[in-house]
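A structural walkthrough
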Number of protein chains: 2
Amino acid sequence: MRPEVIERIEALLPAQHHRPEIELLYRMMRDYPARGGKGIRSELLLRGAAAYGAPPGASAWLATAIELFQSWVLIHDDIEDDSEERRGQPALHRQHGVALAINAGDALHAYMWEAVLHAGVEGAPGEFARMIHRTAEGQHVDLAWVQHHQWQLTPSDYLEMVRLKTGYYTVVVPLRLAMMAAGRAPDPRLEAPGLDLGAAFQIRDDVLNLVAQGQGYGKEIGGDLLEGKRTLIVLHWLQGASCGEREAFLSEMAKPRSAKDAEVVAALLHSIQHSGAVEHAMTVAHDLAERGLNALSGVLQEAPHPAEARHILGLMRQLATREA
Amino acid sequence: MRPEVIERIEALLPAQHHRPEIELLYRMMRDYPARGGKGIRSELLLRGAAAYGAPPGASAWLATAIELFQSWVLIHDDIEDDSEERRGQPALHRQHGVALAINAGDALHAYMWEAVLHAGVEGAPGEFARMIHRTAEGQHVDLAWVQHHQWQLTPSDYLEMVRLKTGYYTVVVPLRLAMMAAGRAPDPRLEAPGLDLGAAFQIRDDVLNLVAQGQGYGKEIGGDLLEGKRTLIVLHWLQGASCGEREAFLSEMAKPRSAKDAEVVAALLHSIQHSGAVEHAMTVAHDLAERGLNALSGVLQEAPHPAEARHILGLMRQLATREA
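Residues numbered from 1 in each chain as written. Chains lettered and ligands numbered in written order. Predicted model: local features only at pLDDT ≥ 70, side-chain atom pairs only at ≥ 80, totals over all residues. Heavy atoms only, no water.

Going by what an unreviewed UniProt entry lists, chain A is known as Geranylgeranyl pyrophosphate synthase and is assigned to Deinococcus peraridilitoris. In the Sequence similarities (unreviewed entry) part of its UniProt record, chain A is described as follows: "Belongs to the FPP/GGPP synthase family." We quote the UniProt Cofactor (unreviewed entry) comment for chain A here in full: "Mg(2+)". (UniProt positions renumbered as here; feature names shortened; annotations may be inferred.)

What follows is the structure, encoded as structure tokens:
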């Protein structure tokens, strides 16, 4: 993450209070930002702002806001998914309990709005509101499928869900905010390639959750399976699975995480890893990324600083093929 | 709740989506607002706005925002406290599960910000951010006491917690927003009486949770005790309790809600109800309310429409003595 973002998070979030209980809240709010995420979204926003010639102060505050958004959303997502780890450490609710973690996420959400207000960019508050609406809708769909044991899903159901859950806030919104920070109306041609690249990025994430190796990947391998997440990989594997495998899978997925049988899950994980479904998902991600990069390149080359714009394409390509 | 607030909530929140899953999210967001809360905070804000001559559109949007704040906070509070009921019906997470309810609260939080932005009142977004900071700090202290089994608390610890958790958003902020909507700088003399009245209001709430009768009170009687909430009543009772009672109480409170013994809790409830602690708390609330009303009356009589200001005092008095 860029120093100007880290400095602003540091300056914005409170640290000291005469009540030690409240200092614990402050430490909880600072925890995820301090775990050092990749800062992809702020980097994209700052690169975009440079490409369009935005003033650095305004874009740095918007970049800070988007990283704070990511932090509060992850605190709540980790509870909603009952995740164990985040960025190589126990998830916040596993350290402090669900109640304090929900509240710390809400507190951080309000600080995100302070960062948005600091930027003073016309249109940015409305953009953040719409971003949360879309992200919450995508997250709701993802969670509702888990809760209602819904596996009758097509690849296009999955893609619609990830576009909402990930695509807007990861790619579309940072680029739109970059244009707004430069005093421009956001280009509507950013949306389709942004959503393609966001989906490619999420599919890559799903792949890494199954096959990532060693350090650098901060979550447990196969965690998505334990959480019952719908991914393109699992949906594809289900289409080709035998009746027996399919039944074993659905009966295991109907159990809560704590009741899942580790051996059965390991056998399913092995079957999925060796079914060709991972390679299929990587091909889909590659095609989405190429289509997105081509379209995005056409829009970005009209920016006043096209050299910065080329960095954005390099960053996007790197994300869609990253190993951790 | 006033019709202009209900209409704006209705118009702001989405209702239809081509995916039925997302329509469920929309129904969840509309659920608590539709359960018909008392609308105390929006009423106070609108009365204050009339007293200071604010334009009705701006104040109606701020009133809508404060009711949406109340709704998303209650969704999350009910999860954090593991409450069973809200406004006479099962709490949202008991109907739809914790994961979907956390997410619906977050979605509603973002719509609150849209209402704030619609108002277009200078200073109001910063006021909402500070209100959430204080409320989250108060809520954190309340939850941290429960989680860390902290009962070594004085009445002044309790009062500091409820001023943060309830006082700001119930009284101080609605009155400050009313002045801002009228284009004035908020009067700093509103804060102390607002916090006194907010604390009186919360103590009244704690009393009702122990002694409310029949319909009109939308939560389970004694629910605070099952949730292990620290109240002035319980802290006072503990001071006068015998060693045996104190030990029985602390050992019962150390258990999670689901492991609490209904008979032991009923006996403790009976002892607390007949100890004089309820009457003591009512006296404290009465004194805080009188002090707050006196000071507030001095500030409000300077408003350009003092007849409206007198309605505010009547409303505050009613709240501090309400029966449901």
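Some remarks on the overall build of chain A
Each helix and strand counted, chain A has 15 helices and two strands in total. Radius of gyration (C-alpha) of chain A: 20 Å, near the 20 Å computed for a compact globule of 324 residues. Projected onto its principal axes, the C-alpha positions of chain A cover 60 × 55 × 35 Å. The 324 residues of chain A split such that 61% are buried. (Helix = DSSP H or I, 4+ residues; strand = E, 2+ residues; numbered from the N terminus. Rg over C-alpha atoms; globule rule 2.2 N^0.38 Å. Buried < 20%, exposed > 50% of the residue type's maximum accessible area, 1.4 Å probe, protein only.)

A short note on the interface of chain B and chain A
Taken together, the contact between chain B and chain A spans 46 residues of the former and 46 residues of the latter. Carbon and sulfur atoms make up 64% of the area that chain B and chain A hide from each other, which totals about 4,000 Å². At the junction of chain B with chain A, the criterion picks out four salt bridges. A salt bridge links Arg-19 of chain B to Glu-160 of chain A, with the shortest nitrogen-to-oxygen separation between them at 2.8 Å. On inspection of chain B and its partner chain A, the count reaches 25 residue pairs in polar contact (both at pLDDT 80 or more). At the level of secondary structure, the elements contributing two or more residues to the side of chain B that touches chain A comprise helix H2 (20-34), helix H4 (56-80), helix H6 (98-119), helix H7 (124-147) and helix H8 (155-181) of chain B. (Contact = heavy atoms within 4.5 Å. Buried area = accessible area lost by both parts, 1.4 Å probe. Salt bridge = Lys/Arg side-chain N within 4 Å of Asp/Glu carboxyl O. Polar contact = N/O pair within 3.5 Å; in protein donor to acceptor, adjacent residues only side chain to side chain.)

Focus: the packing of H4 of chain B against H8 of chain B
All names here are of chain B. Closest axis-to-axis distance for the H4/H8 pair is 10 Å, and the angle between their directions is 160°. Compared by their axis directions, H4 and H8 come out roughly antiparallel. As H4 packs across H8, the resulting crossing turns out to be right-handed. Of H8, the residues touching H4 (which contributes Ser-59, Leu-62, Ile-66, Phe-69 and Gln-70) are Tyr-169, Val-173, Pro-174, Leu-177 and Ala-181. Split into classes, the residues belonging to the contact of H4 with H8 amount to eight nonpolar, two polar and no charged. (Axes fitted to C-alpha atoms, helices over the stretch in contact; angles between N-to-C directions. Parallel < 35°, antiparallel > 145°, perpendicular 65-115°, else oblique. Left-handed = near helix turned anticlockwise from the far one by under 90°. Nonpolar A, V, L, I, M, F, W, Y, C, P; charged D, E, K, R; others polar.)

Topic: the side chain of His-140 of chain B
With respect to the element layout, His-140 of chain B can be found in helix H7. With relative accessibility at 0%, the residue His-140 of chain B sits in the buried group. Beyond its immediate stretch of four places on either side in the chain, His-140 of chain B contacts Glu-21, Ile-22, Leu-24, Leu-25, Met-28, Leu-100 and Asn-103 of chain A.

Thoughts on the environment of Arg-2 of chain B
All names here are of chain B. Its place among the elements puts Arg-2 in the segment before helix H1 (3-12). Taking the C-alpha atoms as reference points, Arg-2 and Trp-151, separated by 149 residues in sequence, lie 40 Å from one another. Excluding residues that lie within four positions of it along the chain, Arg-2 makes contacts with Glu-43, Leu-46 and Arg-47.

Remarks on the relation of the copies chain B and chain A
Mapping chain B onto chain A is achieved by rotating through 180° and translating by 0.0 Å along the same axis, at an RMSD of 0.0 Å. The transformation relating the two chain copies, once decomposed into turn and shift, fits a two-fold axis. Of the residues that chain B buries at the interface, 100% are likewise interface residues in chain A, meaning the two copies contact each other through the same surface. (Least-squares fit on C-alpha atoms with pLDDT ≥ 70 in both.)

Comments concerning empty space enclosed by the protein
Tallied over the entire structure, the rule returns five cavities of 30 Å³ or more. Taken as a whole, the largest cavity spans an internal volume of roughly 90 Å³. Lining the largest cavity, in full, are Asn-103 and Asp-106 of chain A together with Phe-69, Trp-72, Val-73, His-76, Asp-77, Glu-80, Ile-132, Thr-135, Ala-136 and Gln-139 of chain B. A total of six residues in the lining of the largest cavity trace back to one element, the largest contributor, which is H4 of chain B. (1 Å grid on protein atoms, 1.4 Å probe; cavity = no way out; pocket = protein on both sides within 12 Å on 5 of 7 lines; lining within 4 Å. Points joined across faces, edges and corners; volume = space filled by probe spheres on them.)

Here's the deal with the packing of helix H9 (residues 191-211) of chain A against helix H15 (residues 306-320) of chain A
Residues and elements named next belong to chain A. Close contact between H9 and H15 brings their axes to 8 Å; oriented N to C, the two are set at 35°. Contacts from Leu-197, Ala-200, Phe-201 and Arg-204 of H9 reach H15 at Met-316, Leu-319 and Ala-320. A breakdown of the residues in the contact of H9 with H15 according to their chemical character gives six nonpolar, no polar and one charged.

A closer look at the side chain of Asp-81 of chain B
All names here are of chain B. Mapped onto the elements, Asp-81 comes out in the loop between H4 and strand E1 (85-86). You can call Asp-81 buried: its relative accessible area is 16%. Apart from residues no more than four positions distant in its own chain, Asp-81 is found in contact with Gln-139, Leu-143, Glu-227, Lys-229 and Arg-257.

Points about the pattern of salt bridges
Any two side chains of opposite charge can pair if their charged atoms end up close together. Residue and element names in this part refer to chain A. As enumerated under the stated definition, the model contains 50 salt bridges over all chains in all. Its salt-bridge partner being Arg-134, residue Glu-137 comes within 3.0 Å of it at the nearest N-O pair. With Glu-137 and Arg-134 both in helix H7 (residues 124-147) and three residues apart, the pair spans about one turn of that helix. Since its relative accessible area comes to 2%, Glu-137 is described here as buried. When salt bridges that share partners are traced, they join Arg-2, Glu-4, Glu-43, Arg-47 and Glu-308 into one network.

Some remarks on the environment of Ala-65 of chain B
Residue and element names in this part refer to chain B. Along the chain, the position of Ala-65 falls in helix H4. Here the alpha-carbon distance between Ala-65 and Ile-9, two residues 56 residues apart in the chain, equals 8.6 Å. Beyond its immediate sequence surroundings of up to four residues, Ala-65 is in contact with Met-112, Ala-115, Val-116 and Phe-128.

A few points about the packing of aromatic side chains
Residues and elements named next belong to chain A. What the rule picks out here adds up to 11 aromatic pairs over all chains. Above the face of the Trp-61 ring, Arg-8 is positioned so that its terminal group lies 5.4 Å from the ring centre. In this arrangement the basic side chain of Arg-230 is found over the ring face of Trp-151, its NZ or CZ atom lying 3.7 Å from the centre. (Phe/Tyr/Trp six-rings, centres within 6.5 Å; stacked < 30°, edge-to-face > 60°. Lys NZ or Arg CZ within 6 Å of the ring centre and 35° of its normal.)

What to know about unusual backbone geometry
Comment: phi is negative for the bulk of residues other than glycine, and the bulk of peptide bonds are trans. Unusually for a residue other than glycine, Asp-82 of chain A sits at a positive phi of about 50°. Looking at the element boundaries, Asp-82 of chain A is found in the loop between helix H4 (56-80) and strand E1 (85-86). Phi at Arg-87 of chain B is positive, roughly 50°, even though this residue is not glycine. Mapped onto the fold, Arg-87 of chain B is located in the loop between E1 and strand E2 (89-90).

Some thoughts on H1 of chain B
Residue and element names in this part refer to chain B. Along H1, the residues classified as buried are Val-5, Arg-8, Ile-9 and Leu-12. Along the axis of H1, the buried residues cluster in a sector spanning 100°; they form a single face. Structural note: H1 exposes Pro-3, Glu-7 and Ala-11 on the side pointing more than 90 degrees away from its buried face. Along its buried surface, H1 packs onto H2, helix H3 (40-51), H4 and H6. (Arc of directions from axis to C-beta.)

Observations regarding H3 of chain B
Residues and elements named next belong to chain B. Taking 1.5 Å per residue as the helical rise, H3 with its 12 residues ought to reach 16 Å, and the 16 Å between its terminal C-alpha atoms agrees with that figure. Taken together, the buried positions of H3 are Ile-40, Arg-41, Ser-42, Glu-43, Leu-44, Leu-45, Leu-46, Gly-48, Ala-49 and Ala-51. Residues of H3 that are buried make contact with H1, H4, H8, helix H9 (191-211) and helix H15 (306-320). Directly beyond the C-terminal end of H3, a positive phi value near 70° is found at Gly-53. (Expected span 1.5 Å × (residues − 1).)

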